[in-house]
Amino acid sequence: MCKLGDESMVEREEMWKIGMKYVGVSKIGKLNLMLSRAPMMLWIVRGVSTVLIWTFVIRLLIMGEIMGPKLLKSWPSCFTPPTTLYTNEVKLSGVGVLPKDLHPPKRIYKNNGYLLVSCNGGLNQMRGAICDMVAIARYLNVTLIVPELDKTSFWADPSEFKDIFDVDHFVTSLRDEVRILKELPPRLKRRVKLGLFHSLPPVSWSDISYYHDQILPLLQKYKVVHLNRTDARLANNGLPLEIQKLRCRVNFSALKFTSQIEELGRKVVSILRQNGPFVVLHLRYEMDMLAFSGCSHGCNVEEVEELTRMRYAYPWWKEKVIDSDFKRKEGLCPLTPEETTLILTALGINHDVQIYIAAGEIYGGSRRMASLAAAYPNLVRKEKLLQPSELMYFQNHSSQMAALDYLVSLESDIFVPTYDGNMAKVVEGHRRYLGFKKTIALDRKLLVDLIDQYHSGSLSWDDFSSTVKESHSDRMGTARRRLVMPDKPKEEDYFYANPHECLQPLVEPLGLA
């Protein structure tokens, strides 16, 4: 650049001499103007050249994202998708996921309005609700705003959607089905602030015609509709196949946890795998569950009183006076740690195997866990496997902690839930999707009767053990029909526990039983 500058100065001096010799003084002003513009023209040329070069480079990069995997197979480059903790990339029955760097084309449709959604409950209850709301938004041809998570429940978790799920992946991976925005457009935000929208809880277990006949007219009238409760608001059965498959696609592909959660989940699984196979025990013997259900078997007087006070402290827990013994005999209580120890032993679970406890704080602490720890000394929790600094970000964020347990549960050799709550059901269905991985669905009504007989001495250990094994031989997460009870949707099989429309077909065609 310096040499070019020197040559330019020499040229200017020569031109000045020529100008003085052959042109009059009156022409000197014009010549000076021409000479002053020369550096400007040079910089313009340089600027245009730079823009053209970078435009060409950007186009090459875009082409590289599309063609890179084909052209650069031998390169250890960023085109190779990272290993994920669970195989979202598996394609079953038409429900799959696109490669990471490719997004489906946008679906173009006439927008009938904007759907706001406030989820309620814990992580897995909200997970199912999100899948339902996407399917509803798609069916109604509306724009879905990224759902709001529950911050006022028992857990009081302040986490936003983006703190748990990869929100960009959620939006882009579904854009061939439904338009999803992170927030309302400004003009509609103003309408909402002025109260110019409609809010309601949809009817539980509704079929898709309810949303077409009742919710769609509200969307067309108000432009913005807010569904303020979302738990179990879409039927398990009797829906179009396309709706069922979309629910699966959202659950198994679009709802991907954040990279931070997935990385920590992979680390936990890696630590466990270094020591061999492991069982995940979803021991749902936590204070909130016991207070809500009224189950107090094995608790002392002070604990029963504490659980009762807690139940009355939450007005949205409608059932207050509860007969604990009756509920237990009906199979409506979570198994206690002591009962769980007997059942695991009766099932023949090796006493040396690692058992990962996927749960919060066990009510009664070490006193109630003593028998389980004695029978299975290799009990572990995420708090034991990870450093405090690694879990610091997740403290006081129950949904994020539950997300870690969810990922580890998917990867376990055996998954054993002691209560059929939302996590148990959703994990069971996800494990079916991943190849019918073993999940032992405990028949609690039968088991508590067998346990009571064993404790009373009317049933020997051998008879107890053989009966437990025999009665659960067909409750291992294998392929089967979903139980349908049209008049009792709460008692029939939950869609997300057995989404058979999205699973590998049986030898006998699947149907609704």
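The name given to the protein chain in an unreviewed UniProt entry is O-fucosyltransferase family protein, and the organism recorded there is Heracleum sosnowskyi. Under the UniProt heading Sequence similarities (unreviewed entry), the note attached to the protein chain is "Belongs to the glycosyltransferase GT106 family." The annotation that UniProt attaches to the protein chain under Subcellular location (unreviewed entry) is "Membrane".

(A) Expanded view of the overall build of the protein chain. Scanning the protein chain for helices and strands turns up 20 helices and nine strands. When the 513 residues of the protein chain are sorted by exposure, 46% land in the buried category. For the protein chain, restricting intrachain contacts to residue pairs at least 6 apart in sequence, the fraction spanning at least 24 positions comes to 77%.

(B) Representation of the nonpolar core in the model. Counting residues in hydrophobic clusters, the biggest one holds 82 residues, and the most contacted among them are Phe-161, Phe-170, Leu-174, Ile-215, Val-250, Phe-257 and Tyr-356. Looking at which element gives the most residues to this core, the answer is helix H3 (residues 123-140), with 11 residues. Among residues more than four places away in sequence, those in contact with Ile-215 are Leu-140, Leu-200, Tyr-210 and Leu-227.

(C) The arrangement of unusual backbone geometry in detail. One non-glycine residue, Asn-141, adopts positive backbone phi at about 55°. Mapped onto the elements, Asn-141 comes out in the loop between H3 and strand S2 (143-145). A relative accessible area of 22% places Asn-141 in the partly exposed class. Of note in this structure, Lys-223 is not a glycine but carries a positive phi near 70°. Its place among the elements puts Lys-223 in the loop between helix H7 (208-222) and strand S5 (224-227). For Lys-223, a relative accessible area of 42% gives the class partly exposed.

(D) Region of interest: the state of the cysteines. Evaluation of the coordinates by the stated rule reveals two disulfides. Disulfide pairing places Cys-248 opposite Cys-502 at an S-S distance of 1.9 Å. Torsion about the S-S bond of the Cys-248 and Cys-502 cystine: about 85°, corresponding to right-handed handedness. With Cys-248 in helix H8 (residues 241-254) and Cys-502 in the segment after helix H20 (461-471), this pair connects stretches of sequence that are 254 residues apart. For the pair Cys-248 and Cys-502, one class covers both residues: buried. The disulfide bridge from Cys-295 ends at Cys-333, spanning 2.0 Å between sulfur atoms. Residues Cys-295 and Cys-333 are joined through a disulfide that is left-handed, its torsion about the S-S bond being -85°. One end of the pair, Cys-295, is in the loop between helix H10 (287-293) and helix H11 (301-313); the other, Cys-333, is in the loop between helix H12 (324-329) and helix H13 (337-346), and 38 residues separate them in sequence. Under the relative-accessibility criterion, Cys-295 is labelled buried at 3%.

(E) Up close: the sheet that holds strand S4 (residues 198-200). In spatial order, the strands read S3-S2-S1-S5-S4; together these five strands make up an open sheet with parallel pairing. Taken across any chain shown, the strands that pair with only one partner, and hence form the sheet edges, are strand S3 (180-181) and S4. With two bridges joining them, S2 and S3 adopt parallel strand pairing. Within the sheet, the bridge partner assigned to Ile-145 lies in S3 and is Leu-181. The sheet contacts of H7 involve strand S1 (114-117), S4 and S5, and relative to S4 the element is tilted by about 150°.

(F) Summary view of the packing of H13 against helix H19 (residues 444-456). Close contact between H13 and H19 brings their axes to 11 Å; oriented N to C, the two are set at 90°. Regarding the angle of H13 to H19, the classification is roughly perpendicular. Contacts between H13 and H19 involve Glu-339, Leu-342 and Ile-343 from the former and Leu-447, Val-448, Ile-451, Tyr-454 and His-455 from the latter. Its residues placed into classes, the contact of H13 with H19 shows six nonpolar, one polar and one charged.

(G) Examining the packing of aromatic side chains more closely. Tallying each qualifying case throughout the model produces 15 aromatic pairs. For the pair Tyr-494 and Tyr-496, a centre-to-centre distance of 5.4 Å together with 65° between the ring planes defines the contact as edge-to-face. As far as burial versus exposure is concerned, Tyr-494 and Tyr-496 are alike and both buried. Of the aromatic side chains, those joined through ring pairs into one cluster are Phe-161, Phe-165, Phe-170, Phe-257 and Tyr-406. In this arrangement the basic side chain of Lys-320 is found over the ring face of Tyr-312, its NZ or CZ atom lying 5.7 Å from the centre.

(H) Geometry of the pattern of salt bridges. Evaluation of the coordinates by the stated rule reveals 26 salt bridges. The partner of Glu-177 in a salt bridge is Arg-138, and the shortest N-O contact between them spans 2.8 Å. Of this pair, Glu-177 sits in the loop between helix H5 (167-173) and S3 while Arg-138 sits in helix H3, and the two are 39 residues apart along the sequence. Here the salt bridges share partners, and the residues they tie into one network are Arg-138, Asp-176, Glu-177 and Arg-249.

(I) Just the confidence of the model for the protein chain, in detail. Mean pLDDT over the protein chain: 84, with 79% of residues reaching 70 or higher. Here residues 1-35 is modelled with pLDDT under 50, and outside its nearest four sequence neighbours on either side it reaches 10 contacts, counting other chains as well. Low pLDDT, under 50, characterises residues 507-513; the stretch is placed with 16 contacts to residues that sit more than four places away or in other chains.

(J) Focus on the packing of H13 against helix H14 (residues 365-375). Following both chains from N to C, one finds H13 and H14 inclined at 20°, their axes separated by 7 Å at the closest point. With respect to their mutual orientation, H13 and H14 come out roughly parallel. The segment H13 lies against H14, with Pro-337, Glu-338, Thr-341 and Leu-344 engaging Arg-368, Met-369, Ser-371, Leu-372 and Ala-375. Classifying every residue of the contact of H13 with H14 by side-chain character gives five nonpolar, two polar and two charged.

How each quantity is defined
- Residues numbered from 1 in each chain as written.
- Predicted model: local features only at pLDDT ≥ 70, side-chain atom pairs only at ≥ 80, totals over all residues.
- Heavy atoms only, no water.
- UniProt positions renumbered as here; feature names shortened; annotations may be inferred.
- Helix = DSSP H or I, 4+ residues; strand = E, 2+ residues; numbered from the N terminus.
- Buried < 20%, exposed > 50% of the residue type's maximum accessible area, 1.4 Å probe, protein only.
- Contact = heavy atoms within 4.5 Å.
- Core = buried A, V, L, I, M, F, W, Y, C linked by side-chain atoms within 4.5 Å.
- Disulfide = S-S within 2.5 Å.
- Pairing = 2+ DSSP bridges.
- Axes fitted to C-alpha atoms, helices over the stretch in contact; angles between N-to-C directions.
- Parallel < 35°, antiparallel > 145°, perpendicular 65-115°, else oblique.
- Nonpolar A, V, L, I, M, F, W, Y, C, P; charged D, E, K, R; others polar.
- Phe/Tyr/Trp six-rings, centres within 6.5 Å; stacked < 30°, edge-to-face > 60°.
- Lys NZ or Arg CZ within 6 Å of the ring centre and 35° of its normal.
- Salt bridge = Lys/Arg side-chain N within 4 Å of Asp/Glu carboxyl O.
- pLDDT = per-residue confidence, 0-100.

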